[in-house]
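Each chain is listed here by its residues.
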Amino acid sequence: MKDPSLRRSVALFRAFLREPSDPRGFYELLARDAANQVERYEPLAGSVVVDVGGGGGHFTEEFRRRGAQSFLFEPDLDELTAGHRPPEGAVVADGYLLPLADGSADICFCSNVLEHVEDPWTFLSELIRVTRTGGLIYVSFTNWLSPWGGHEWAPWHYLGAERARRRYERRTGHPAKHVLGENLFPVHVGATLRQVRARDDVAVVSARARYWPFLPGLVTRVPLLREFATWNLLLILRRCP
Ligand SMILES: C[S@@+](CC[C@H](N)C(=O)[O-])C[C@H]1O[C@@H](n2cnc3c(N)ncnc32)[C@H](O)[C@@H]1O
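What you see is a predicted model, and the numbers here were worked out from it, not measured in a lab.

Trainee: What is the right way to look at the overall build of the protein in this model?
Mentor: Check the secondary structure of the protein and you find 8 helices and 6 strands. Put simply, the protein runs from its N terminus to its C terminus through helices and strands in the order α-α-β-α-β-α-β-α-β-α-α-β-α-β. For the protein, whose C-alpha radius of gyration is 17 Å, the value lies close to the compact-globule estimate of 18 Å for 241 residues. With the C-alpha coordinates of the protein rotated into their principal frame, the extents come out at 50 × 40 × 35 Å. Sorting the 241 residues of the protein into buried and exposed places 40% on the buried side. A fraction of 59% describes how many contacts in the protein between residues 6 or more apart in sequence connect residues 24 or more apart.

Below is the structure:
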């Protein structure tokens, strides 16, 4: 599907809504979409790909289907084994401290993890460390002021995280998975762009709204508006010497 296009965004959104009943369908579509995005910048066939915080491994499986040597690093055994067998060779590892030598990866892929770590800048440094000079870093995350910033308790996070969590628990009868300050942290578009632009070990190739159907690069340029409208920031970085 063409990216950006309304057809693609609608298909992704519909699959996202069906995720509770058909997680496999959603993650496989998302993985194909992300692989297409990566291949705009770097061929997957023949590349060494490191998938950090890759959950159950749908991305790694898609990268392997396209001829990459892809390795999954995921610290949470429950995520790794949720619903299906993880990809062969998956490693239980923390993304802050990857068991990899400097410059091991042609492509470092990290989808929707940054908002789940307490120190996103240190985490990002580790992704950069393991990527070879000239290699590609794909990082995306849901920013805090996005309509989905509060995850399962969104959009009520706009009225305060604790209140939103309590509301979720009241409505569903079970506690929310995400707790602000424990496994969900407020990460902002502007601050992230300033962080990556200030670094001399990466060049920002693209900063766009990951799922947007039109002008995905424009929305991330408008201060304030971008915090609400980006929804999910996708950064494509190139490792500098
Ligand atoms: C929302 S899921 C995203 C999974 C998958 N990457 C995707 O895009 O569907 C967040 C993932 O980040 C992982 N994660 C949290 N802290 C991490 C850390 N310190 N290092 C690596 N992964 C981490 C979680 O275990 C979980 O699998």
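Trainee: Would you take a moment to explain helix H3 (residues 58–65) for this structure?
Mentor: Turn by turn, an α-helix covers 3.6 residues, leaving residues three or four places apart pointing in a common direction. Counted residue by residue, H3 has 6 buried out of 8 residues, so it is predominantly covered. Taken as a whole, H3 has its buried residues at His58, Phe59, Thr60, Glu61, Glu62 and Phe63. As for H3, its buried residues are in contact with helix H2 (23–39), strand E1 (48–52), strand E2 (69–73) and strand E3 (105–111). Following H3 by one or two positions, Gly67 has its phi on the positive side, about 95°.

Trainee: So what exactly am I meant to see when it comes to the domain arrangement of the protein here?
Mentor: Size of an interface, as often reported, equals the accessible area lost when the parts are brought together. According to the domain assignment, the protein consists of domain 1 (6–144 + 185–239) and domain 2 (146–181). Inter-centroid distance (C-alpha atoms) of domain 1 to domain 2 is 23 Å. When the residues that make up the side of domain 1 that touches domain 2 are grouped by side-chain class, the tally is 3 nonpolar, 4 polar and no charged.

Trainee: Looking at this model, I keep getting lost on the site of the ligand. Mind explaining?
Mentor: Among the 16 residues in the neighbourhood of the ligand, the closest are listed as Gly53, Gly55, Asp76, Gly95 and Ser111. Its residues assigned to classes, the shell around the ligand comprises 5 nonpolar, 7 polar and 4 charged.

Trainee: What's the story with the sheet that holds E2 in this structure? I'm lost.
Mentor: Consider a sheet: its strands pair through backbone hydrogen bonds, and that pairing is either parallel or antiparallel. Sheet architecture is open: 6 strands sit in the order E2-E1-E3-E4-E6-E5, paired in mixed fashion. The sheet terminates laterally at E2 and strand E5 (202–209), the two strands that pair on one side only. Strand-to-strand, the axes of this sheet are offset by a mean angle of 15°, without reference to chain direction. Bridging between E1 and E2 involves 5 bridges; their strand directions are parallel. The residue of E2 that forms the bridge with Val49 is Ser70. Packing against the sheet, helix H5 (residues 120–129) makes contact with E1, E3, strand E4 (131–142), E5 and strand E6 (232–239), and its axis sits at approximately 145° to E4.

Trainee: Sorry, what's going on with the packing of helix H1 (residues 6–17) against H2 here?
Mentor: Axis angle and axis distance: for two packed helices, these are the angle between their axes and the distance between the axes, and together they describe the pair. Where H1 contacts H2, the axes come no closer than 8 Å and their chain directions differ by 150°. Taken as axis vectors, H1 and H2 run roughly antiparallel relative to one another. Of the two elements, H1 crosses H2, and the hand of that crossing is left-handed. Across the interface between the two elements, Ala11, Leu12, Ala15 and Phe16 of H1 pack against Gly25, Phe26, Leu29, Leu30 and Asp33 of H2.

Trainee: Could you clarify how one ought to interpret the packing of H2 against H3 in this entry?
Mentor: Where H2 meets H3, the closest approach of the two axes is 9 Å, and the angle between their N-to-C directions is 50°. The orientation of H2 relative to H3 falls into the category oblique. Judged by the sense of rotation from one axis to the other, the crossing of H2 with H3 is right-handed. Where H2 approaches H3, its residues Tyr27, Glu28, Ala31, Arg32, Ala34 and Ala35 are matched on the opposing element by His58, Phe59, Glu62 and Phe63. Residue classes in the contact of H2 with H3 are distributed as 6 nonpolar, 1 polar and 3 charged.

Trainee: When you look at the UniProt feature "domain: Methyltransferase type" (unreviewed entry) in the protein in this model, what are you seeing that I'm missing?
Mentor: When the UniProt feature table is mapped onto this chain, "domain: Methyltransferase type" (unreviewed entry) is found at residues 50–138. Between the end C-alpha atoms of residues 50–138 there is a gap of 10 Å, over a span that is 26% helix and 26% strand.

The rules behind the values
Residues numbered from 1 in each chain as written. Predicted model: local features only at pLDDT ≥ 70, side-chain atom pairs only at ≥ 80, totals over all residues. Helix = DSSP H or I, 4+ residues; strand = E, 2+ residues; numbered from the N terminus. Rg over C-alpha atoms; globule rule 2.2 N^0.38 Å. Buried ≥ 20, exposed ≤ 12 C-beta atoms within 10 Å, placed from the backbone. Contact = placed C-beta atoms within 7 Å. Domains from an automatic or database assignment. Nonpolar A, V, L, I, M, F, W, Y, C, P; charged D, E, K, R; others polar. Near = placed C-beta within 6 Å. Pairing = 2+ DSSP bridges. Axes fitted to C-alpha atoms, helices over the stretch in contact; angles between N-to-C directions. Parallel < 35°, antiparallel > 145°, perpendicular 65-115°, else oblique. Left-handed = near helix turned anticlockwise from the far one by under 90°. UniProt positions renumbered as here; feature names shortened; annotations may be inferred.

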